Amino acid sequence: MNYYLKATAGVLAGSLMLTLPAVSAPANTDSTQAIKDTSSGQKGLYIVQLKGKSGIRHSVDLDSLEERAKYRQPSGRYDAQSPASQHYLNTLRNKQREVVAAVGGGEVLYHYGHTFNGFSVALTSTQVKALRSHPDVAVVWEDEAMTPDTANTPTFLGLTGPAGGVHDMYKGEGVIVGIIDSGINPDHPSFAGEGFSDPSELGWNGSCVVDEDTTFSCNNKLIGAKYFNATAAQAGEFASYEFMSPRDVDGHGSHVAGTAVGNMLPQALINNVDAGPTRGMAPRARLAAYKVCWDFSNRPAGCFNGDSFAAIEAAVEDGVDVLNFSISGQLSQLLDSASVAFLDAADAGVFVAGSAGNDGPGPGTVSKPVPWVMNVAASTYEGAVPALGMPVTGGSLSGEELIADEAGFTPRLTETGDKSGELMLASPLDACTSLDNDLTGKVALIKRGGCAFTVKVANAEAAGAMAAVVFNNVPNGAPFSMGGTPTSPIAIPAVMVGNNNGSTLEADLNGGTTVSATLTASIVKTKPVVGNIMANFSSRGPSLAVGDLIVPDITAPGVQILAAAPDASNFAYLQGTSMSSPHIAGLAALIKEAHPDWTPAMMMSAMMTTARQNVVKEDGTTPADPFDYGAGHVVPTKMTDPGFVYDAFWADYYAFVCGKADERALFESIYGAGTCAFVEGFGYAGGSEYNHPSIGADELGKPEFIVRFVTDVTGTEATYNANVVAPEGIDVTVYVYDGESFVPSTTMTVPANGRIAYALEMTHNDNVVIDAWKFGSITWENTTHSVRSPIAVRAVTPPLLDAPAEVSAQATASTLRLAVPITPDYNGTLNAQGHGMASELQPGVVGQDPDSDFNAGEPELGVHDITVAPGEKIFRVSLHTNQLSDTAADLDIFVFKCVEGDCSEQVGSSANSSSDEEVTFFNPEPLNDLAGGTHYRVYIHGWDLNGATELPYTLNVFNVDAQMSNLSIRARSTARQGRTTTAYANMKDLEAGRHYLGAISFTNGEGEEIGFTVLEVTPE
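Let me begin by describing the structure that accompanies this report. Quick caveat, the model's predicted, so the values are computed rather than measured. (Residues numbered from 1 in each chain as written. Predicted model: local features only at pLDDT ≥ 70, side-chain atom pairs only at ≥ 80, totals over all residues. Heavy atoms only, no water.)

**Here we look at the packing of aromatic side chains**
So, point 1. For the coordinates displayed, the defined rule picks out 34 aromatic pairs.
So, point 2. An aromatic cluster of three or more residues is present, and its members are Tyr110, Tyr112, Phe116, Phe228 and Phe309.
So, point 3. When the ring centre of phenylalanine 243 is taken as origin, the NZ or CZ atom of arginine 247, which lies over that ring, is 5.3 Å away.
So, point 4. Cation over ring: arginine 284 sits above phenylalanine 196, and NZ or CZ is 4.0 Å from the ring centre. (Phe/Tyr/Trp six-rings, centres within 6.5 Å; stacked < 30°, edge-to-face > 60°. Lys NZ or Arg CZ within 6 Å of the ring centre and 35° of its normal.)

And the structure:
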C-alpha cells in the first residue's frame, strides 16, 4: 500500500543563555519551510520506505536460533558488522536501486537498511506519483525542515554532594552515548580524552569523519564524529561560517552532549565569570556526535529527516548504547518517519531519549508520543546562576540594577560595548510586525509573546533601535536567554527582564515618565532559581495520537542548564526540553553501566517507577499532574534499584501501534501484512493494555480491565502491597494472577527473577466527571522498594445499551434462531432493526506466488472488483479453509480502494497462518461505480499452495444493508434500565454449506443508534 505523508525535519528545543548564538528558544511560534516541487520538472526531497524488513527486524524474525546468531553479538545485541548483516544490507540496497531505476532514476542521497528499509532521494512529482503506485513501496514521506526549536544539576539530582552520590558508584563507564544534533566542539574540555582507554575494547565500530576540517580530531572521550548533509545540501545554501565537518557552529549539539556526558571540570566560565564546577550526567561515558542540523544563508536552520535517518543508521552500526534526539516530532501520529527508525533501534537494544517539545503549556502539545522513545518534559532545579545587571535611571525603578539575561542570537555586549539610552515602547508592543514608531537611538521595550524573539528584535533594529529589552509576559515570570535563528544577522544586542520589572517599566513609559537603561556585561549578579516548577514552555499531554498512553514520560531539569558552548572552553546556559532530554540520556548510561543486560524498556521503567511527584505547574503553586510530567521527576539515587520493572519488546511495540485503527494499515504496509494479527494472536495488545509503567484509560465508559506484567530485578522473591489513589469518580479494584485466574488482592508476590501479572478494574461511581481527565496512582510497596505508576482516566458517558458486538452460530438446518442478550441503561422506547442476512459466493483461481511476497498486479493473484452502495452497514470478504480442496494451503486477502481507476491505496488485509481470512468494514465508504473505476478491489494471494501451481477457491462477499426476507427480529419495544432482556434473530432459507452475515441495530425513541450486533452464521 502506498501512503503519501509529510515527514518534518526536527525542531531543536533549547536556547542559549548569556553567550552564543543558539538554534532555538521556547518561543511562542514555529515556522516551517518545505522543499516542494511545483512541476514534474523540478525536484523535491523525499524519504521512501520499501516493503520488507530492515536488518534489525530481519534478524529478530528468523526462526532458527542458529541463523539468528549470525546477526547477533554474543550478548544478543544486533551486530551491524557481521557478514550476515552486511550481506542482507547489500540485498536491501540492491532492491532500493531497482526501485529508483524503475521510475526513471533519481538522485539518491542516502540508502538505509539497519533500522529502516528505504532511501532519501530527490525526485520530480512525476516520479513521486510513480513511486506511490510501485508494488514494492510502502510509504513516501516528503522531507521538510522546521526552524530549530546545566547551574549545576548533578548536585540537585543527587549525583554529587558532600555526603557522596550516585557518581560514587556509576559514572557511565564503558557506555557509549550518541548525540544526533548540530555537531560538537571537539576542543572543549568537556570532551577531552585524557584518562580514557582505547574505545575499541568497547566494541566500537565508528570513526571520526572530518574531511577538510583538518583541525578537528576525536579522542578516547569523543570516540566518533560524523556529519550528514546530503539532504540539507539540496534544501539551501549553507551559511558561510558552517563547517563541512561534525564541528558545531551554533552551540546546541555541544551543550546537549555536555549535559549528557561532559567531563568533570572544576570551573565553568561564562564571559570570564566563574559559574562553578560542572559535569555531565554520565561523565565517564564515551561520546559519539552525529551532526544533522545546519545553518543556511538563504533559509532558516534545520535538521532534515533524510540526514537524521542516516545518523540513526550510523549510530546503530557504530555501536552506541544510548541515543539522544532533541529534535521535534509528530503530535498526532505514531508512525512518523523518525519513530519507525527508532523502533528498530530499540529492537537493537539502543535506549532513545527525546524532547517532549517546547509548545507548552497548552494541552495536547507533546510530540514523539511512542512508548519506545522516552519522552522528557522540562522543569526547574534549585540553585543560583549568574546574570547581567541592567542599571535603570528614572521612573519607579530608578537606581536599581535589574536582573537581565542576554539573548543567544544577538552580538554579545562584550563585543558591542555598553549600550545606554532612553527606553521607548515598541508599537505594537509585541513587535511582531513592522513598528509604527521611530526608535532611532533608543532602547526598545518589547513584550514577549506572539512571534519568535528573532522577529521582535529584528523589527526593533529596523526601526532604528540601538538595543532591545524584552520583558517576560508570564505573570511573575523570570528572565531567561532568548534563542532562535534569525533569517539575517542582527547587529544590536538584546536582553530579557522579568515580568514584574518589565510591567513596571511599561507603566512608567505609558505614564509619560522618561526612563533610561544601560545594557552592560560589566555588572554580574546572582539570580536565584526556584526548583521543581514545570517550565512554561514544556509541552503537555494528553497525546493527540493515543490517549491511552500518558506522555510525557518523565521530567528532568531543563531551565538555566549549564554546559559546553561551541567556542574554545566557554560554557552557556540554555533552556528547553532539548536540555532535559540529555539529562535522561546521561542517566540511562548510568543504568546501562549498572545493568548492562537490561532492555531499553526496563531502563525506562526504572526511571519512571522511582520518580517523585513534588513538582508544581508553571504558576508555582498548583500541583503538577501526569500530563505535565508523566510519572514525575527523575530520581537518580533510586533508579538503579527499582524492585521490579515493566518490560517490553518488539511484539509489545507492534501491538501498541496495531491498536490504533487509523494507522494499522500503514503499519502493516511497512512491517508486513498479517503482522498485527500475528502479535495479537499471542496475546499482545495495544491501547491501555500496552505493558507500560504508566496506566492510561481514554474513553472509559463501561468497566475496563487493564493488565500489567512485572519482572523482578532484585534476584529475590518479594511481596508488595498495593496502595491505590483512585482518580476522582472512578472505583479501582486490584486483581493479582494466582497461576490460574485473576483474583481480587492488594498483595502481590513477585518470584525471584520471574514475572507476575496484576490487573486494575476501573468503573464509574456516583462522583464521576464525564469527559474530563482525572488522575491517580498505584504504588506497590514493601520495606525496601516503592514502585509507583501514574493513572490517567477520561470517563465518557456509558453506552445506553449493553449489547454484544457479535453473535455467531452454526446452521444445522435451513432455519436458525439466535438469542442476543441486551441490557439498557435507560427507561423508554427500544427499537430493533435487522440487516441481512447476506451471502454471496465468488469463485476464483489463484496461482502460487514464486516468492510468497504480495505485490499488487502479480499475474498469479485472484482479483475481485466489488461495489459498496451508500448506507451499507457492513462490507466483509472472507476465505475459509474448509471451502478449499486442499486445507493445507495458505491464502491471504488484500483489499484496495479504487477511485476513477487509481487502485493504489490499500485499506485492509488478512494474512493469517492458514486460509481462514477475513476483512471487515463497518459503515464502509461507498464506492459504487464499477464502470467508472470506483470500487473495492480484493486480491487473493497464494502464499503457499502446498506444492500446487494453482488452486480454486471461493470468496465469501457480504454487503449488509437492509433487512432481507430471510431474517426477522423480535424484541421488546420498552427499555427498563438495568433489566436484561433478549432480542431474537429468526432466520430461514439458509442454504447448506454457506456463510451468512447480518446485524441488528438498536435505536431509542429519538431514533439514535445505541447498539449494533453483528450476526454471523457458519455452516456445519
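So that's the structure; there's more coming.
**A short note on the pattern of salt bridges**
So, point 1. Counted by the stated rule, this structure contains 28 salt bridges.
So, point 2. Residues arginine 540 and glutamate 618 are paired through a salt bridge, measuring 2.6 Å at the closest nitrogen-oxygen approach. Of this pair, arginine 540 sits in the loop between strand S25 (524–529) and strand S26 (554–557) while glutamate 618 is found in the loop between helix H14 (600–609) and helix H15 (626–629), placing the two residues 78 residues apart along the sequence.
So, point 3. Judged by relative accessible area, which is 2%, arginine 540 ranks as buried.
So, point 4. Ionic pairing is found between glutamate 1009 and lysine 873, a salt bridge with its closest N-O pair at 3.0 Å. Here the residue glutamate 1009 occupies a position in strand S55 (residues 1009–1019), and lysine 873 occupies one in the loop between strand S44 (862–866) and strand S45 (874–879), the gap between them amounting to 136 residues.
So, point 5. On the accessibility criterion, lysine 873 (18% relative accessible area) is buried.
So, point 6. Counted as one network, the salt bridges with shared partners bring together Arg540, Lys617, Glu618, Asp625 and Asp628. (Salt bridge = Lys/Arg side-chain N within 4 Å of Asp/Glu carboxyl O. Helix = DSSP H or I, 4+ residues; strand = E, 2+ residues; numbered from the N terminus. Buried < 20%, exposed > 50% of the residue type's maximum accessible area, 1.4 Å probe, protein only.)

**Considerations on the packing of helix H9 (residues 337–347) against helix H17 (residues 650–658)**
So, point 1. Between H9 and H17, the least distance of the axes is 10 Å, while the angle of their chain directions is 155°. The angle between the axes of H9 and H17 places the two elements in the roughly antiparallel class. Together, Leu343, Ala346 and Asp347 of H9 and Trp650, Tyr653 and Tyr654 of H17 make up the contact between the two elements.
So, point 2. For the contact of H9 with H17, the class distribution of residues is five nonpolar, no polar and one charged. (Axes fitted to C-alpha atoms, helices over the stretch in contact; angles between N-to-C directions. Parallel < 35°, antiparallel > 145°, perpendicular 65-115°, else oblique. Contact = heavy atoms within 4.5 Å. Nonpolar A, V, L, I, M, F, W, Y, C, P; charged D, E, K, R; others polar.)

**Examining the state of the cysteines**
So, point 1. In the structure shown here, the tally under the stated rule is five disulfides.
So, point 2. The disulfide that involves cysteine 432 links it to cysteine 451, with 2.2 Å between the sulfurs. When the S-S torsion is -90°, as for the bridge of cysteine 432 with cysteine 451, the disulfide is left-handed. In this pair, cysteine 432 is assigned in the loop between strand S20 (419–425) and strand S21 (443–447) and cysteine 451 in the loop between S21 and helix H11 (453–462), connecting sequence segments 19 residues apart.
So, point 3. A disulfide bridge connects cysteine 658 with cysteine 676, and the sulfur atoms are separated by 2.0 Å. (Disulfide = S-S within 2.5 Å.)

**A closer look at the sheet that holds strand S30 (residues 695–700)**
So, point 1. The strand order across the open sheet formed by five strands is S30-S38-S37-S32-S35, and the pairing between neighbours is mixed. The open sheet has two edge strands, S30 and strand S35 (747–750), and neither has a second partner. Sheet twist, expressed as the average angle between the axes of neighbouring strands with direction ignored, equals 25°.
So, point 2. Note that strand S37 (residues 773–781) and strand S38 (residues 786–795) share nine bridges and pair antiparallel. Looking across to S38, one finds that threonine 779 is bridged to arginine 788. (Pairing = 2+ DSSP bridges.)

**Points about the packing of H17 against helix H18 (residues 661–671)**
So, point 1. Contact geometry for H17 and H18: axes closest at 8 Å, N-to-C directions at 140°. Looking at the two axes, H17 sits oblique to H18. Counted together, Tyr654, Val657 and Cys658 of H17 and Arg664, Phe667 and Tyr671 of H18 form the full contact between these two elements.
So, point 2. Split by residue class, the contact of H17 with H18 holds five nonpolar, no polar and one charged.

**Overview of the nonpolar core**
So, point 1. Formed by 78 residues in total, the largest nonpolar core has its most connected members in Tyr290, Val320, Phe342 and Trp372.
So, point 2. In terms of residues, this core owes the most to one element, H17, which gives eight residues.
So, point 3. Here valine 320 is in contact with Arg77, Ile176, Gly178, Trp204, Ala288, Tyr290, Ala315 and Val350, once residues within four sequence places are set aside.
So, point 4. Core analysis: the next-biggest nonpolar cluster, separate from the first, contains 63 residues, Leu265, Ala556, Trp598 and Ala606 among them. (Core = buried A, V, L, I, M, F, W, Y, C linked by side-chain atoms within 4.5 Å.)

**Comments concerning the environment of isoleucine 184**
So, point 1. Turning to its location among the elements, isoleucine 184 is positioned in the loop between strand S8 (176–181) and strand S9 (222–227).
So, point 2. Taking the C-alpha atoms as reference points, isoleucine 184 and glycine 389, 205 residues apart in sequence, are found 31 Å from one another.
So, point 3. Excluding residues that lie within four positions of it along the chain, isoleucine 184 makes contacts with Phe191, Phe216, Leu222, Pro246, Arg247, Asp248, Gly253, Ser254, Ala257, Leu287 and Ala289.

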